[in-house]
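Chain and residue survey
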Amino acid sequence: MCGIVGAVAQRDVAEILVEGLRRLEYRGYDSAGVAVINDGELRTTRRVGKVQELSAALDDSPLVGGTGIAHTRWATHGEPSERNAHPHLSSGDIAVVHNGIIENHNKLREMLKGLGYAFTSDTDTEVICHLVHHELKSHDTLLTAVQATVKQLEGAYGTVVIDRTDSDRMIVARSGSPLVIGFGLGENFVASDQLALLPVTRSFAFLEEGDVAEVTRRTVSIFDIDGNAVEREVKESEVTHDAGDKGEYRHYMLKEIYEQPRAIAHTLEGRIASGTVLDSAFGENAAEFLKDIKHVQIIACGTSYHAGMAARYWLEDWAGVSCNVEIASEFRYRKSHMFPNSLLVTISQSGETADTLAALRLAKEMGYKATMTICNSPGSSLVRESDMAYMMKAGAEIGVASTKAFTVQLAGLLMLTAVVGRHNGMSEEMQAKITQSLQSMPAKVEQALGLDDAIAELAEDFADKHHALFLGRGDQYPIAMEGALKLKEISYIHAEAYASGELKHGPLALIDADMPVIVVAPNNELLEKLKSNVEEVRARGGLMYVFADVDAEFESDDTMKVIQVPHCDEFMAALIYTIPLQLLSYHVALIKGTDVDQPRNLAKSVTVE
Ligand code: M6R
């Protein structure tokens, strides 16, 4: 949530900052702003709306200067407006950008008002800049003033501070919201995601919780939570493709849907040998951690949670271990029971989701045998704080609606099933079936993408619809949930998913000609049961869209449109049936004319509670 970029350089930085914001826009897009120091003056430009609005304003009236900070906002405190947009200033001297939530901002605000500070916004952030300004009165340097400030903050922050009177440095502090320092030649940078800085550097150091850093053109000094000077490893970025470009596609979402065969193939590379998934896919010491695992507890949010729900069917059915799946925001605030020999698995595209991270930290305190993350972001907090990491190689996902991350998560979870199963006596034959299925996934996904045109036509039926129902059974139930989430997220059509056996326990009452019912129907042992549920809908005048296996013997008629999905085995069916549902939501959103990549009220990376 919220994107931050900062630079200390010898050249003008406004363009670098705005390009960085464009790349971070997925983190929030309510308003954007930039502040630059020029000739001892702080100059700011802020605009409501997307980075494009800010960029146009800067074209009309450029900002000159080599030290600056910039921000794209996802509103938490105060409506999206110019006065609430960052950077915030104190007395024209201090400028601050901030990501996170300062929970004791009301108390600090009252204290600062008492000291004579006037507030010009409704944000929690403004307390930070006035506090720094106040602390500078009793501290010699901006660094020590910021260190004294952050000691008074409760909540989460990633923040960057600059001082009008000292254009040589910026001070950066992290607690709960990620920040990465980018190293250049005679210039240095900071951002909330390395993606922002790829045009200017590929050398990065991630700040740890509680770190405060002083960044000048030639030096970076980092201090831990106790103020001790510390080194943080500088790494060359592993991000191989530059996600800033939509290429031939109209939207990032469509590009990312089409990238799935390559993303899955890339993720499998080097991780399967002789019909076996290698332990090393999950990190160096995975073999040691994974032996004796008898229970898996999966924690995630949103789309990642749906991937976990599908994996529960697999781990219990094929790997022979019990498995629970829970939404992170629930897990973290209740007393849960921990089974002996439990593995805690978090799933996250970003690796920075606040609730998932808090759940991981709680699980570590509870004493889980081992923790693992299935994650798409190298260097992220979940990766650094887990015992094991399965790195998805989906490449940066920019569309707010998660697509390729989800299918790569499913592929990773199937690999986990094979590995946990092997440690629990899964037969070689079963392992070989799973690995063959994994290896043929990219080609099968490619085939499923061939449904695109047919689905685009079908999507027109949804133009005037306000509700939709998704049905599935077994591991297709979470796929139905994911289909419903995609549709509501980007087309704003209200959609619900049900395990189809639940229909008669209530939702059947909703069925009429205005409620499209989308059914996912692979040819598995639940097919006949699903067919009965389809008849229940038909008998009540519902109009169905059935994504069915070519051998499932569904036929289109007045009450049902059947879309034939390429035949696939049980190990990959959940993943394959996801593809048409992604395409459906994309085409419905196109018809509805919504903002596909940046749907209203949402942000890609949810780093606040
Ligand atoms: O980065 P994460 O996978 O932890 O994010 C979890 C959810 O916020 C995310 O999947 C969200 O539900 C997506 N926007 C769904 O498309």
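Fair warning: this is a prediction, and the values are worked out from it, not measured in the lab. (Residues numbered from 1 in each chain as written. Predicted model: local features only at pLDDT ≥ 70, side-chain atom pairs only at ≥ 80, totals over all residues. Heavy atoms only, no water.)

1. Examining a negative patch on the surface
Definition in use: Exposure above 30% relative accessible area and the lack of any salt bridge qualify a residue for a patch; like charges then connect within 9 Å, and the nonpolar side chains Val, Leu, Ile, Met, Phe, Trp and Tyr within 5 Å. Every accessible area reported is derived by Shrake-Rupley at a probe size of 1.4 Å, with residue values counting cover from the shown protein chains alone. Every case where a carboxyl oxygen of Asp or Glu lies within 4 Å of a side-chain nitrogen of Lys or Arg is listed as a salt bridge. Charged-residue counts in this description rest on Lys and Arg as positive and Asp and Glu as negative, His and the chain ends being excluded. Charge placement uses NZ in Lys and CZ in Arg. For Asp and Glu, CG and CD serve respectively. Per the convention used, a helix needs a DSSP run of H or I reaching at least four residues, while a strand needs a run of E reaching at least two, with both numbered from the N terminus.
Together, Asp12, Glu15, Asp59 and Asp60 make up a negatively charged patch on the protein surface. Mapped onto the elements of the fold, aspartate 12 is located in the loop between strand E1 (3-8) and helix H1 (14-24).

2. Thoughts on the site of the ligand
Stated precisely, the cut-off is as follows: What makes a residue near a molecule or strand is one non-hydrogen atom of that residue sitting within 4 Å of it. Whenever a nitrogen or oxygen atom comes within 3.5 Å of another N or O atom, the pair is scored as a polar contact, on the condition that within protein one atom can donate a hydrogen and the other can accept it, and that pairs from neighbouring residues in sequence are kept only if both atoms are in side chains. Residue type decides the class: Asp, Glu, Lys and Arg count as charged, Ala, Val, Leu, Ile, Met, Phe, Trp, Tyr, Cys and Pro as nonpolar, and the leftover types, Gly among them, as polar.
Contacts to the ligand come from 15 residues, most closely from Ser304, Ser348, Ser350, Thr353 and Glu489. The backbone of glutamine 349 places a nitrogen or oxygen atom 2.7 Å from an oxygen atom of the ligand. Serine 350 is positioned such that a nitrogen or oxygen atom in its side chain is 2.7 Å from an oxygen atom of the ligand. Counting only elements with at least two residues in the shell around the ligand, the list comes to helix H9 (302-319) and helix H16 (476-491). Tallied by class, residues from the shell around the ligand come to five nonpolar, eight polar and two charged.

3. Observations concerning the UniProt feature "domain: SIS" (unreviewed entry) in the chain
The following threshold applies: UniProt positions are given in the numbering used here, feature names are shortened, and annotations may be inferred rather than shown by experiment.
When the UniProt feature table is mapped onto this chain, "domain: SIS" (unreviewed entry) is found at residues 286-426 and 458-599. Structurally, residues 286-426 comprises 46% helix and 21% strand, and the distance from its first C-alpha atom to its last is 18 Å. Taken end to end, residues 458-599 has its terminal C-alpha atoms 22 Å apart, with 35% of it in helix and 22% in strand.

4. Describing the side chain of threonine 72
Definition in use: The rule is simple: take the accessible area with a 1.4 Å probe, protein chains only, and divide by the maximum for that residue type; under 20% is buried, over 50% is exposed, in between is partly exposed.
Within the secondary structure, threonine 72 is located in strand E4 (residues 67-73). Judged by relative accessible area, which is 0%, threonine 72 ranks as buried.

5. Digging into the UniProt feature "active site" (unreviewed entry) in the chain
What counts here: Whether two residues touch is decided by their heavy atoms; if any such pair falls within 4.5 Å, the residues are in contact.
Per the UniProt entry, the sites bearing "active site" (unreviewed entry) are Cys2 and Lys604 in this numbering. These annotated residues cover 603 residues of sequence, and their C-alpha atoms all fall within 9.5 Å of one another, placing them together at a single site. By the element assignment, cysteine 2 lies in the segment before E1. Look at cysteine 2 and you get buried, because its relative accessible area is 7%. Discounting residues that sit within four places of it in the chain, cysteine 2 has contacts with Arg27, His71, Thr72, Arg73, Trp74, His98, Asn99 and Ser192. Considering the arrangement of structural elements, one finds lysine 604 in the segment after helix H18 (573-592). When residues no more than four places from it in sequence are discounted, the contact partners of lysine 604 are Tyr26, Arg27, Gln349, Glu397, Ile398, Gly399, Val400, Ala401 and Ser402.

6. Comments concerning the sheet that holds strand E8 (residues 166-175)
The condition is simple: Note on pairing: DSSP must find at least two bridges between two strands before they are called paired.
Read from one edge of the open sheet, seven strands run E5-E6-E7-E8-E12-E13-E14, paired in antiparallel fashion. Looking along the sheet, the strands with just one partner apiece sit at the ends: strand E5 (88-90) and strand E14 (229-230). Here five bridges tie E8 to strand E12 (residues 212-216), and the two strands are oriented antiparallel to one another. Across the sheet, residue arginine 169 finds its bridge partner in E12, namely threonine 216.

7. Examining the pairing of strand E7 (residues 157-163)
Burial analysis of E7 places seven of its seven residues in the buried class, the great majority of the element. Alternating residues of E7 divide into Tyr157, Thr159, Val161 and Asp163 and Gly158, Val160 and Ile162, and every residue in both groups is buried. Here strand E6 (residues 94-99) pairs with E7 via six bridges, running antiparallel. Bridging across to E7, valine 97 finds its partner in valine 160. Counted along the chain from E7 to the antiparallel partner E8, the turn is two residues long.

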